[in-house]
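Fold and geometry: a report
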Amino acid sequence: MASNLTKLAEIGMFMDLSHGLDIPESGARMEPQQKSFGIRMATVERDLSALCNLEQQCWDERLVTPKDVLQRRLTSGGSVYVATLLATEQVVGALYTQRIVSSDVLTVHAEQELHHSADGSCVQLLAIAVVPGQQHRGIGPALRQHALIMACLNSFGPPIMDAVAATRCSSF
């Protein structure tokens, strides 16, 4: 099921889960909705430069995540999802996650990378960023929904039992 949802997301097809995972009482099928963007897993080779650019566009200079940290996120076993415009494949959003043992370990933003645990049963949404000119498209909520669904369906490691978002805020 996860691979099917991944393939649909890559071509901009998303399920409307705004009412949860309940199957409609009428027994009607839930049909995916077409969006102008897709979501896929990021890779160092394909996306590191675009993610560095996205950081510069979305955050105050004091909050920009350094390139080496972004590269570590891409290679350390966390998940990095990028949203791309279907027409141009331009990266216009990203969401970073990592496994942690529990939300009890969270402290200050600068230390959040220290809490990564490959065996953690809690998924932390580290950061979400969408290019300011694209924020009206629903990319942020789609990234969040996709990341949470994929965490629940994850077949690697222990099951995810909890989710927490401890992240940066652009208007501080």
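Residues numbered from 1 in each chain as written. Predicted model: local features only at pLDDT ≥ 70, side-chain atom pairs only at ≥ 80, totals over all residues. Heavy atoms only, no water.

**Observations concerning the overall build of the protein**
Helix and strand counts for the protein come out as 4 helices and 7 strands. Along the protein, from the amino end to the carboxyl end, the secondary structure elements read α-β-β-β-α-α-β-β-β-α-β. Pairs at least 24 apart in sequence give 66% of the contacts found in the protein among residues at least 6 apart. Summed over all atoms, the accessible surface of the protein reaches about 9,900 Å², with 54% contributed by carbon and sulfur. (Helix = DSSP H or I, 4+ residues; strand = E, 2+ residues; numbered from the N terminus. Contact = heavy atoms within 4.5 Å. Areas by Shrake-Rupley, 256 points an atom, 1.4 Å probe, with all protein chains shown as cover.)

**Points about the confidence of the model for the protein**
Within the protein, residue pLDDT values average 84, and 83% of them lie at 70 or more. By mean pLDDT, helix 1 (residues 2-10) is the weakest element of the protein at 84, and helix 2 (residues 44-58) is the strongest at 96. (pLDDT = per-residue confidence, 0-100.)

**Looking at the pairing of strand 3 (residues 37-41)**
By the criterion of burial, strand 3 is predominantly enclosed, with 4 of the 5 residues buried. Alignment of strand 3 against strand 4 (residues 79-85), held across 5 bridges, turns out to be antiparallel. Note on strand 4: the bridge partner recorded for Ile 39 is Ala 83. (Buried < 20%, exposed > 50% of the residue type's maximum accessible area, 1.4 Å probe, protein only. Pairing = 2+ DSSP bridges.)

**Comments concerning the pairing of strand 6 (residues 122-130)**
Looking along a regular strand, one sees the side chains alternate between the two faces of the sheet. Counting buried positions over the 9 residues of strand 6 gives 8, a clear majority of the element. Note that strand 6 and strand 7 (residues 162-165) share 4 bridges and pair parallel. Residue pairing for strand 7: Val 123 is matched across the bridge by Ala 163.

**Considerations on the pattern of salt bridges**
In total, this model carries 3 salt bridges according to the counting rule given. Across the pair Asp 47 and Arg 40 runs a salt bridge whose closest N-O atoms are separated by 2.7 Å. Each member of the pair, Asp 47 as well as Arg 40, carries the same accessibility label: buried. Ionic pairing is found between Asp 60 and Arg 62, a salt bridge with its closest N-O pair at 2.9 Å. With relative accessibility at 62%, the residue Arg 62 sits in the exposed group. (Salt bridge = Lys/Arg side-chain N within 4 Å of Asp/Glu carboxyl O.)

**A closer look at the nonpolar core**
If you look at the biggest cluster of nonpolar residues, it comprises 35 residues, and the most contacted ones within it are Ile 39, Leu 51 and Tyr 96. If sequence neighbours within four positions are ignored, Tyr 96 has contacts with Leu 51, Glu 55, Leu 70, Arg 73, Ser 79, Val 80, Gln 124, Leu 125, Leu 126 and Ala 127. (Core = buried A, V, L, I, M, F, W, Y, C linked by side-chain atoms within 4.5 Å.)

**A look at the sheet that holds strand 7**
Taken together, the 5 strands give an open sheet; going across it, the order is 3-4-5-6-7, and neighbouring strands pair in mixed fashion. Where the open sheet ends on each side, the last strands, each with one partner, are strand 3 and strand 7. Across this sheet, the average inter-strand angle for adjacent strands is 25°, counted without regard to direction. Lying over the sheet, helix 2 contacts strand 3, strand 4, strand 5 (91-100) and strand 6, oriented at roughly 100° with respect to strand 5. (Axes fitted to C-alpha atoms, helices over the stretch in contact; angles between N-to-C directions.)

**Some details on the packing of aromatic side chains**
Under the counting rule described, the total for this entry stands at 1 aromatic pair. Measuring from centroid to centroid gives 5.5 Å for Phe 14 and Phe 37, while their planes differ by 35°, and the two rings are tilted. With Phe 14 in strand 1 (residues 13-14) and Phe 37 in strand 3, this residue pair connects regions lying 23 residues apart in the sequence. Taken individually, Phe 14 and Phe 37 each receive the classification buried, so the pair is uniform in this respect. Its end group placed over the ring of Tyr 96, Arg 73 keeps NZ or CZ at 4.8 Å from the ring centre. (Phe/Tyr/Trp six-rings, centres within 6.5 Å; stacked < 30°, edge-to-face > 60°. Lys NZ or Arg CZ within 6 Å of the ring centre and 35° of its normal.)

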